[in-house]
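Structural description and commentary
Below, each chain spelled out in residue letters.
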Amino acid sequence: MADEKTFPPQQEGRFYLTEGGTETEIMYKYGFELPQFAMFPLLDNPDAVSTMRGMYRSYLDVAAKHGMCALMGGLDYRASPDWGELLGYSPDGLAEANHQSIAFLREIAEEYASVIPEILIQGLIGPRGDAYERNETITENEAEDYHSVQLETLKEANVDLALAISFNNIPESIGVARAAAKIGVPFGISLTLDSNSKLNSGPSLAEAITTIDAETNQSPEFYSVNCSHPVEYEPAIEPGDWINRVRGVRPNASKMEKIALCQIGHLEDGDPVELGKLCGDLARRYPHMDIWGGCCGTWDVHLNEIA
């Protein structure tokens, strides 16, 4: 491994708050279009940059209010080769976009350095295909080669964490984990569950985590669950040692099925108070979980209730 940088282990009384659903917030609340669901092209739009600054400040205000640490990410989910090509980016241009995404987060984080105990920066790695499809054809080796490109760039950017997020396929998860281990970047995996409380590709959450760990020598530093409402992920929480590898959740605001959410064309914010209570119940049952945040439909109101 290239170096020994690791993500901080859990510390008693220390919790990390992530951002919410950046894409749904910027699209449905502020009216910006996202070709291919990509955030990073907005960095070339001064109006969008100003809006995103306000968004992230409102999120960091919540972290500061509750004495939580921050784990910031959110602009580079689509910043991998296939999606970059669809958006017209050259390889060098895509690498620069990844660096700009991280630099944007660091600039805002500096404003809060004196009021938030610790602010860490993460790069987000989305699946090669659509997160709501099965993506069953990708192999472990293909995933390792593909995701190495963005992982190398995130290592150059010296992120505190590279998080493979909204993954629903075991082979792709194994491949990206192997790539991260070879490159030497702190790495975690966030899996998403469907209305059957399983990965869209079929396995249970327990099966997925156990299999990925077995095939990667437990190289991911932790797992989390995102883009799933508690009604989807709660049935997947089963007894076993594997649950100790899960450090938190980033739920959707709404109980609606994901494809339906994509088709309604507006922000569906669910019940923030209920969502906060459900997350609090999970936190009390599993006090080792220390990373909390939101996904589709959530932002500062939901994050405040969760915090």
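Refer to the structure presented above.
Right, let's walk through the structure included here. Quick caveat, the model's predicted, so the values are computed rather than measured.

Describing the overall build of the protein
The helix and strand tally for the protein stands at eleven helices and eight strands. Relative to the globule expectation of 19 Å for 307 residues, the C-alpha radius of gyration of the protein, 18 Å, shows essentially globular dimensions. If you line up the protein on its principal axes, its C-alpha atoms span 45 × 45 × 40 Å. Per-residue burial over the protein gives 57% buried out of 307 residues. Pairs at least 24 residues apart make up 78% of the contacts formed inside the protein by residues separated by at least 6 positions. When the accessible area of the protein is evaluated, it comes to approximately 12300 Å², of which 48% is carbon and sulfur surface. Seen as two clouds, the 22 positive and the 48 negative side-chain charges of the protein have centres 5 Å apart.

Quick look at the packing of aromatic side chains
The tally for this structure, following the rule as stated, stands at seven aromatic pairs. With a centroid separation of 5.1 Å and an interplanar angle of 70°, the aromatic rings of Phe40 and Tyr89 are classed as edge-to-face. Of this pair, Phe40 sits in the loop between α1 (22–29) and α2 (46–65) while Tyr89 sits in the loop between α3 (81–86) and α4 (91–111), placing them 49 residues apart in sequence. The exposure class of Phe40 is buried, given its relative accessible area of 2%. By relative accessible area, which is 23% here, Tyr89 ends up partly exposed. Ring geometry for Tyr56 against Tyr59: centres 6.2 Å apart, planes inclined by 75°, an arrangement best described as edge-to-face. Within this pair, Tyr56 and its partner Tyr59 are both found in helix α2, separated by three residues, close to a single helical turn. Of the residues examined, Tyr56 reaches a relative accessible area of 0% and is grouped as buried. Within the aromatic cluster, the residues linked to one another by ring pairs are Tyr56, Tyr59, Phe104 and Trp299. Just above the ring of Phe222 sits the side chain of Arg247; from NZ or CZ to the centre is 5.4 Å.

What about the side chain of Ser173?
Assignment of secondary structure puts Ser173 in helix α6 (residues 170–183). Since its relative accessible area comes to 0%, Ser173 is described here as buried. Of the polar contacts made by the side chain of Ser173, one reaches the backbone oxygen of Asn169; its length is 2.8 Å. Leaving out residues up to four positions away in the same chain, Ser173 has contacts with Phe167, Ile189, Leu191 and Ile212.

Quick look at the sheet that holds strand β4 (residues 161–167)
Adjacent strands of a sheet pair through backbone hydrogen bonds, lying either parallel or antiparallel. In space, the eight strands of this closed barrel follow the order β1-β2-β3-β4-β5-β6-β7-β8, with parallel pairing throughout. For strand β2 (residues 69–72) and strand β3 (residues 119–125), the ladder comprises three bridges, and the chain directions are parallel. The residue bridging Met72 from the neighbouring strand is Ile121, located in β3. Of the strands in this sheet, β4 and β5 (187–191) are in contact with α6, which crosses β5 at around 165°.

Conventions adopted
- Residues numbered from 1 in each chain as written.
- Predicted model: local features only at pLDDT ≥ 70, side-chain atom pairs only at ≥ 80, totals over all residues.
- Heavy atoms only, no water.
- Helix = DSSP H or I, 4+ residues; strand = E, 2+ residues; numbered from the N terminus.
- Rg over C-alpha atoms; globule rule 2.2 N^0.38 Å.
- Buried < 20%, exposed > 50% of the residue type's maximum accessible area, 1.4 Å probe, protein only.
- Contact = heavy atoms within 4.5 Å.
- Areas by Shrake-Rupley, 256 points an atom, 1.4 Å probe, with all protein chains shown as cover.
- Lys, Arg positive; Asp, Glu negative; His and termini not counted.
- Charge placed at Lys NZ, Arg CZ, Asp CG, Glu CD.
- Phe/Tyr/Trp six-rings, centres within 6.5 Å; stacked < 30°, edge-to-face > 60°.
- Lys NZ or Arg CZ within 6 Å of the ring centre and 35° of its normal.
- Polar contact = N/O pair within 3.5 Å; in protein donor to acceptor, adjacent residues only side chain to side chain.
- Pairing = 2+ DSSP bridges.
- Axes fitted to C-alpha atoms, helices over the stretch in contact; angles between N-to-C directions.

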